[in-house]
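# Descriptive structure summary
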Amino acid sequence: MAYKILILGASYGSLLGTKLLMAGHDVTLVCRSATAALINEKGTDVRIKLRGEEEPRAILSGDQPGMLDAAQPSDIDVTQYDLVALAMAEPQYGSGDIRDLLSRIAAARLPCLSIMNMPPLPYLRRIPGLEAEALEEAFNCPEVWKEFAPGLVTLCSPDPQAYRAPGEPANILHVGLPTNFKSAAFEDETHTEMLRTLEADIAAITLDGKDVPVKLRVFDSLFVPFAKWSMLLTGNYRCVTANGVRPIQEAVHNKIELSESIYSHVDHIARKLGADEGDQVPFEKYANAANGLLKPSSVARSIDGGAHAVERVDRLVKLIGDQLGMKNEWVDVGVNIVDARIEANRKLAS
């Protein structure tokens, strides 16, 4: 059975979208009008290396069995879709046209798979013992999530790393780290079975008889996607310094003992919530992967470029730690540095 899947966000979302197209499912990408026109004319082009190959393959949407289109938020008829994937950065959901689309998605009671770094508030409401309302200050626009039923929202860790190269058209995406999407289950088993069907369909994809990296993995545990938190707070947000930015590799390896301490602390926050040690990625494996991450993180580049609205997973994890009685000096230091840089950007923009 082919599903119709709506993906909010045509940049990172085109990676998941391409894997779904290759598996025979139909995808609509929600994006700005100019990007939608480009994609509808030329399709998407995702560049990814297959195992054992030196050069990336260009996987074109037009060559796939699934059908792709792109549209502005106001043009979407939500009744046409089986599943929604949330692939925009959290601040983008506060804009008027996206906010309206989210309201219509919530009213239609469509199951939503978030592939944001920032877990949506409805998902956090699924975590036993967590006071989600007390975490709203970490969100740029918390009110957009109030209409969503928690059981209809699940979280998928956006572990694969992808980027648009400067100067290239907006329909081209390069995959730098072809790891897997790791999704928690929905509350309703019917919706989870849909994810498991997608998981199996994507796993079966080959290209010239070769396996294609970046799978969808579905887990019963609510906490598997939280393994990304340790990586974000140890590497991505520590790319932000008081006076500029630095590569993820430097943020992790410059003071490796401190990095391991922060990583371990955030892992323990997830375990206090209910995560199993098997849900998490060992620090050594992450530190080794970080050796190849030679650019600043996207959040660091945004802040250095003057942004004053970015995803604040760092602040979210701090608030959860405080709520659990697990304060950490170095987590607080990192949050304060990001706060100061954002406030400076806000003053410059005013």
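Residues numbered from 1 in each chain as written. Predicted model: local features only at pLDDT ≥ 70, side-chain atom pairs only at ≥ 80, totals over all residues. Heavy atoms only, no water.

A surface patch of negative charge is lined by E187, D188, E189 and E193. The residue E189 is located in helix 5 (residues 189-203) in this model. In this structure E189 comes out as partly exposed when scored by relative accessible area, which is 46%. (Patch = residues over 30% accessible without salt bridge, like charges linked within 9 Å, V, L, I, M, F, W, Y side chains within 5 Å. Areas by Shrake-Rupley, 256 points an atom, 1.4 Å probe, with all protein chains shown as cover. Salt bridge = Lys/Arg side-chain N within 4 Å of Asp/Glu carboxyl O. Lys, Arg positive; Asp, Glu negative; His and termini not counted. Charge placed at Lys NZ, Arg CZ, Asp CG, Glu CD. Helix = DSSP H or I, 4+ residues; strand = E, 2+ residues; numbered from the N terminus. Buried < 20%, exposed > 50% of the residue type's maximum accessible area, 1.4 Å probe, protein only.)

Moving on to the nonpolar core. Soluble globular proteins tend to bury their nonpolar side chains together. Counting 79 residues, the largest nonpolar core has L8, Y93, I105, W145 and F226 as the members making the most contacts within it. The element best represented in this core is helix 8 (residues 256-273), accounting for seven residues. Counting 39 residues, the second largest nonpolar core, distinct from the first, contains L20, M22, I115 and C156. (Core = buried A, V, L, I, M, F, W, Y, C linked by side-chain atoms within 4.5 Å.)

This part is about the sheet that holds strand 9 (residues 161-163). Strand order in the open sheet made by the four strands is 4-3-10-9, with mixed pairing throughout. The open sheet terminates on both sides in strands that have one partner only, identified here as strand 4 (57-60) and strand 9. For this sheet, the mean inter-axis angle between neighbouring strands, taken without regard to orientation, is 30 degrees. For strand 9 and strand 10 (residues 172-177), the ladder comprises three bridges, and the chain directions are antiparallel. Directly across from Y163, in strand 10, lies its bridge partner H174. (Pairing = 2+ DSSP bridges. Axes fitted to C-alpha atoms, helices over the stretch in contact; angles between N-to-C directions.)

Right, let's get into the side chain of D332. Note that D332 resides in helix 12 (residues 329-349). D332 sits in the buried class, given a relative accessible area of 16%. Within the local environment of D332, its side chain forms a polar contact with the side chain of K318, the two groups lying 3.2 Å apart. Residue contacts for D332: discarding those within four places in its chain leaves K318 and K327. (Polar contact = N/O pair within 3.5 Å; in protein donor to acceptor, adjacent residues only side chain to side chain. Contact = heavy atoms within 4.5 Å.)

Turning our eyes to something else, we now look at the pairing of strand 3 (residues 45-48). Of the strand pairs in this sheet, strand 3 and strand 4 are connected by four bridges, and their pairing is antiparallel. Within the sheet, the bridge partner assigned to I48 lies in strand 4 and is R57. Taken together, the three bridges between strand 3 and strand 10 define a ladder with parallel strand orientation. Paired with D45 across the two strands is I172, which belongs to strand 10.

The description of an aromatic ring pair rests on the distance of the ring centres and on the angle between the ring planes. Evaluated as defined, the whole model comprises eight aromatic pairs. An angle of 85 degrees between the planes, with centres 6.2 Å apart, marks the rings of Y123 and F226 as edge-to-face. With a gap of 103 residues between them, Y123 in helix 4 (residues 121-124) and F226 in the loop between strand 14 (216-219) and helix 6 (227-236) connect regions that are remote in the sequence. Exposure remark for Y123: the relative accessible area of 0% places this residue in the buried category. Looking at F226, the relative accessible area reads 2%, which means it is buried. Consider the rings of F223 and F226, whose centres lie 5.9 Å apart with planes at 70 degrees: the pair is edge-to-face. Taking the relative accessible area as the measure of exposure, F223 reaches 10% and is therefore buried. (Phe/Tyr/Trp six-rings, centres within 6.5 Å; stacked < 30°, edge-to-face > 60°.)

Across the sheet, eight strands lie side by side as 5-2-1-6-7-8-11-14; this open sheet has mixed pairing. Looking at strand neighbours, the two that pair on one side only are strand 5 (68-71) and strand 14, the edges of this open sheet. Going across the sheet, the axis of each strand differs from the next one's by a mean of 25 degrees, ignoring polarity. Pairing analysis gives three bridges linking strand 6 (residues 83-86) to strand 7 (residues 112-114), with the strands arranged parallel. Within strand 7, the position partnered with A85 by the bridge is L113. Each of strand 1 (4-8), strand 2 (26-30), strand 6 and strand 7 touches helix 3 (residues 96-107); the most contacted strand, strand 1, lies at about 145 degrees to it. Its contacts with the sheet put helix 5 on strand 1, strand 6, strand 7, strand 8 (153-157), strand 11 (181-184) and strand 14, and the angle it makes with strand 14 is roughly 145 degrees.

The buried fraction of strand 2 is high, at four of five residues. As paired elements, strand 1 and strand 2 share five bridges and run parallel to each other. Paired with L8 across the bridge in strand 2 is V30. Strand direction decides the pairing type here: strand 2 and strand 5, joined by four bridges, are parallel. Opposite L29, over in strand 5, you have A70 as the bridge partner.

Below, the discussion takes up helix 3. Three- or four-residue spacings in an α-helix give side chains the same orientation, since the helix completes a turn every 3.6 residues. Taking 1.5 Å as the rise per residue, helix 3 with 12 residues should run 16 Å; its terminal C-alpha atoms sit 17 Å apart, in good agreement. Among the residues making up helix 3, those that are buried are I98, L101, L102, I105 and A106. On an axial view of helix 3, the arc spanned by its buried residues comes to 140 degrees, and they lie on one face. Helix 3 presents G96 and A107 as exposed residues on the side facing more than 90 degrees away from its buried surface. In this structure, the buried side of helix 3 is in contact with strand 1, strand 2, strand 6 and strand 7. Of the residues one or two after helix 3, R109 is the one with positive phi, at around 55 degrees. (Expected span 1.5 Å × (residues − 1). Arc of directions from axis to C-beta.)

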